[in-house]
Amino acid sequence: MTTHNPAARTVLDFHGTRLELLREPGAGIDGALRFLETHVVPAPAGDGDGPEPVATLRVHAPQPDGDPGRFTPSPGVHREDIHIRKSASEFFTVPARRAREEGREYLECTKTGSRFVFDAGARTVDVLAGPEGTMDVVELVRDLVLKHQENTGAAVLHATAAYRDGSAVLVTGAKGAGKSTVLLELVEHFGYEIMSGDKTLLHEQPDGTVLAAGWPDYPHLGYGTVAKYPGLREIAGLGDDYRPAGDHAFSPFGKFAVDPERFRERFPSAPLGTHVPVAAVVHPSIGPGDRTVLEPVGGSTEDRAAVFEANLESAFDGAHAGWNSYLPDGRAAQAARRGRILARLAAVPAWQLTGPGDLTPGNWPPRAGGPDGTHGGAA
């Protein structure tokens, strides 16, 4: 495939993972770039600094005749129905059709019409975004960046992260545990900024220290969280007359997609490129109760590391993780590094949080301790 119009050239950089971007005039990916701009740094192309790009994304303008012929395989080539992403929420579900021909993978997003053509041998991905294809492009960038990060040693933790004063507080746990609620409590009441809303990447440095970095997230919040903060109901599109089911307040299901740009206006983000040590970890288990209790996490370093390992996630895992095969799975070569990262993280003061999740000066910061067994706070 060739680009017939002059293309704007830049590089997207996420902590050493670089994607070269060639954009034809009129290529419709501005929404995706706005979504990524809180965490992915644009850099001038051809400056000679940094590693080679993982891929060159050749982003094409809509075809004048509407014919996507050069983005499709030959007639008769087998096409299979897959998902780029599948979620309990229809909003986040991205169905697609895939075909393979002569070393290339062809993807068509069937809801939006976006098309991707992967050529691993040439290290290129051709992109034709549909009119509503912002999240398709975001999923593409997410897949390439996170897989490369894991292949080069990052540990990806299912955790929100709050930033303040040069360090981060991680909030980690299973779906529905209350990670987003604790994050917004820290931002709303204690002067933190949002560093990550869903996953946090951990990097081992040459001196053995570990630094955390956030990743851009489309907010997906339960009603209990949405109703808690002034203005958030409106951003989530909920009217004053909306009433959830009785068991909805602490349910991990029935969440609401919240406009990310308006959400960022309401809750401040950490500075672009934030890469900081972890000062504390919270393991929430939010539910009904008359008070929020933080208790120090005890046990051995090995036990605490095992908890973090259970909360690791990977772009290579899951039923739909193999929607493209551009990057092979190279995680095995980095197992020792991930183990050292988790051991370091297990030495950070950590608390278990139970109750409704309301943080106050009476319970945050916890009055004393951490893994040494001293008491925490309650309110």
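The structure displayed is predicted, hence computed values, not measured ones.

Participant: I'm lost on the overall build of the chain in this one. Help?
Facilitator: Tallying secondary structure elements over the chain gives eight helices and 20 strands in all. Relative to its full complement of 379 residues, the chain shows a buried share of 51%. Working note: accessible area of the chain is about 16,600 Å², and carbon and sulfur atoms make up 51% of it.

Participant: How should the packing of aromatic side chains be read in this particular structure?
Facilitator: Each aromatic ring pair is characterised by the separation of its centres together with the angle its planes make. All chains considered together, the criterion is met by 13 aromatic pairs. Aromatic pair phenylalanine 92 and tyrosine 218: ring centres 5.5 Å apart, planes at 80°, arrangement edge-to-face. Here phenylalanine 92 is found in the loop between β5 (80–85) and β6 (94–101), whereas its partner tyrosine 218 is found in the loop between β15 (210–214) and β16 (220–221), with 126 residues between them in sequence. In terms of burial, phenylalanine 92 and tyrosine 218 fall into one category: buried. Three or more aromatic residues joined by ring pairs make a cluster, and in this case those are Phe35, Phe91, Phe92 and Tyr218. The ring of phenylalanine 35 carries the charged tip of arginine 264 above its face, separated from the ring centre by 5.5 Å. It is arginine 266 that lies over the ring of phenylalanine 267; its NZ or CZ is 4.4 Å from the centre.

Participant: Would you explain empty space enclosed by the protein in this entry?
Facilitator: A water-sized probe, rolled over the atoms, reveals where empty space remains. One pass over the full model with this rule turns up three cavities of 30 Å³ or more. Within this model, the largest cavity holds a volume of roughly 210 Å³. As for the largest cavity, its lining consists of 19 residues, of which Ile194, Gly197, Asp217, Pro219 and Phe263 are closest to the centre. Of all the elements in the fold, those that place two or more residues in the lining of the largest cavity are α3 (179–190), β13 (193–196) and α6 (260–266). For the lining of the largest cavity, the class distribution of residues is eleven nonpolar, six polar and two charged. What lines the second largest cavity is simply Phe14, His15, Thr38, His39, Ile194, Met195, Gly214, Ala270, Pro271, Gly273 and Thr274. Taken together, the residues of the lining of the second largest cavity sort by class into five nonpolar, six polar and no charged.

Participant: Is there a simple way to explain the confidence of the model for the chain in this structure?
Facilitator: As a general rule, the predicted coordinates of low-pLDDT regions are not to be interpreted in detail. Averaged over every residue, the pLDDT of the chain is 90; residues scoring 70 or more account for 90%. pLDDT under 50 marks residues 369–376. Its contacts with residues more than four places away, or in other chains, come to 26 contacts.

Participant: I keep staring at the pairing of β6 and nothing clicks. Help me out?
Facilitator: Most of β6 is tucked away: six of the eight residues are buried. One ladder, built from five bridges, connects β5 with β6; its direction is antiparallel. Each residue of the ladder has a partner; that of histidine 83, found in β6, is proline 95. Across six bridges, β6 lies against strand β7 (residues 104–109) in antiparallel orientation.

Participant: How should I be thinking about the pattern of salt bridges in this particular structure?
Facilitator: Opposite charge on two side chains lets them pair, provided their charged atoms get close. Under the definition given, this model contains 24 salt bridges. The partner of lysine 199 in a salt bridge is aspartate 198, and the shortest N-O contact between them spans 2.7 Å. By relative accessible area, lysine 199 is classed as buried at 5%. A salt bridge links arginine 337 to glutamate 204; the nearest nitrogen and oxygen atoms lie 3.5 Å apart. Of this pair, arginine 337 sits in helix α8 (residues 335–346) while glutamate 204 sits in strand β14 (residues 200–204); the two residues are 133 residues apart in sequence, bridging distant segments of the chain. Arginine 337 sits in the partly exposed class, given a relative accessible area of 30%. Shared partners join several salt bridges into a network, and the residues in it are Glu80, Arg98, Arg100 and Glu105.

Participant: Can you walk me through the sheet that holds strand β19 (residues 293–296) in this structure?
Facilitator: The strands making up a sheet associate through backbone hydrogen bonding, with each pair oriented either parallel or antiparallel. The strand order across the open sheet formed by six strands is β13-β11-β12-β18-β20-β19, and the pairing between neighbours is mixed. With partners counted over all chains shown, the strands left at the sheet margins are β13 and β19, one partner each. Averaged over all pairs of adjacent strands, the angle between strand axes in this sheet comes to 30°, irrespective of strand direction. Pairing of β19 with strand β20 (residues 350–355), which is carried by four bridges, proceeds in the antiparallel orientation. Bridge pairing in β20 links leucine 294 to leucine 353.

Participant: Teacher, can you tell me more about α3 here?
Facilitator: Because each turn of an α-helix spans 3.6 residues, side chains separated by three or four positions in sequence point in the same direction. Spanning twelve residues, α3 covers 16 Å between terminal C-alpha atoms, matching the ideal 16 Å at 1.5 Å per step. Extensive coverage of α3 is indicated by the burial of nine of its twelve residues. All of the buried residues in α3 are Lys179, Thr181, Val182, Leu183, Leu184, Glu185, Leu186, Val187 and Phe190. Immediately beyond the C-terminal end of α3, within one or two residues, lies glycine 191, with a positive phi of roughly 75°.

Participant: Looking at this structure, how should I read the side chain of lysine 147?
Facilitator: Looking at the secondary structure, you find lysine 147 in helix α2 (residues 134–151). A distance of 3.1 Å separates a polar atom in the side chain of lysine 147 from the backbone oxygen of alanine 321. Setting aside residues up to four positions removed in sequence, lysine 147 forms contacts with Ala315, Phe316, Ala321, Asn324 and Leu327.

Participant: So what exactly am I meant to see when it comes to the nonpolar core here?
Facilitator: Soluble globular proteins tend to bury their nonpolar side chains together. Membership of the largest hydrophobic core comes to 43 residues, with the highest contact counts inside it found for Leu19, Leu57, Phe116, Val125 and Leu140. Broken down by element, the residue count for this core peaks at seven residues, all from α2. In this view, valine 125 contacts Ala55, Thr56, Leu57, Arg58, Phe116, Val117, Phe118, Leu140 and Tyr326; residues no more than four positions away in its chain are not counted. Leu183, Val187, Leu238 and Val282 belong to the second largest nonpolar core, which has 31 residues in total.

What counts and what doesn't
Residues numbered from 1 in each chain as written. Predicted model: local features only at pLDDT ≥ 70, side-chain atom pairs only at ≥ 80, totals over all residues. Heavy atoms only, no water. Helix = DSSP H or I, 4+ residues; strand = E, 2+ residues; numbered from the N terminus. Buried < 20%, exposed > 50% of the residue type's maximum accessible area, 1.4 Å probe, protein only. Areas by Shrake-Rupley, 256 points an atom, 1.4 Å probe, with all protein chains shown as cover. Phe/Tyr/Trp six-rings, centres within 6.5 Å; stacked < 30°, edge-to-face > 60°. Lys NZ or Arg CZ within 6 Å of the ring centre and 35° of its normal. 1 Å grid on protein atoms, 1.4 Å probe; cavity = no way out; pocket = protein on both sides within 12 Å on 5 of 7 lines; lining within 4 Å. Points joined across faces, edges and corners; volume = space filled by probe spheres on them. Nonpolar A, V, L, I, M, F, W, Y, C, P; charged D, E, K, R; others polar. pLDDT = per-residue confidence, 0-100. Contact = heavy atoms within 4.5 Å. Pairing = 2+ DSSP bridges. Salt bridge = Lys/Arg side-chain N within 4 Å of Asp/Glu carboxyl O. Axes fitted to C-alpha atoms, helices over the stretch in contact; angles between N-to-C directions. Expected span 1.5 Å × (residues − 1). Polar contact = N/O pair within 3.5 Å; in protein donor to acceptor, adjacent residues only side chain to side chain. Core = buried A, V, L, I, M, F, W, Y, C linked by side-chain atoms within 4.5 Å.

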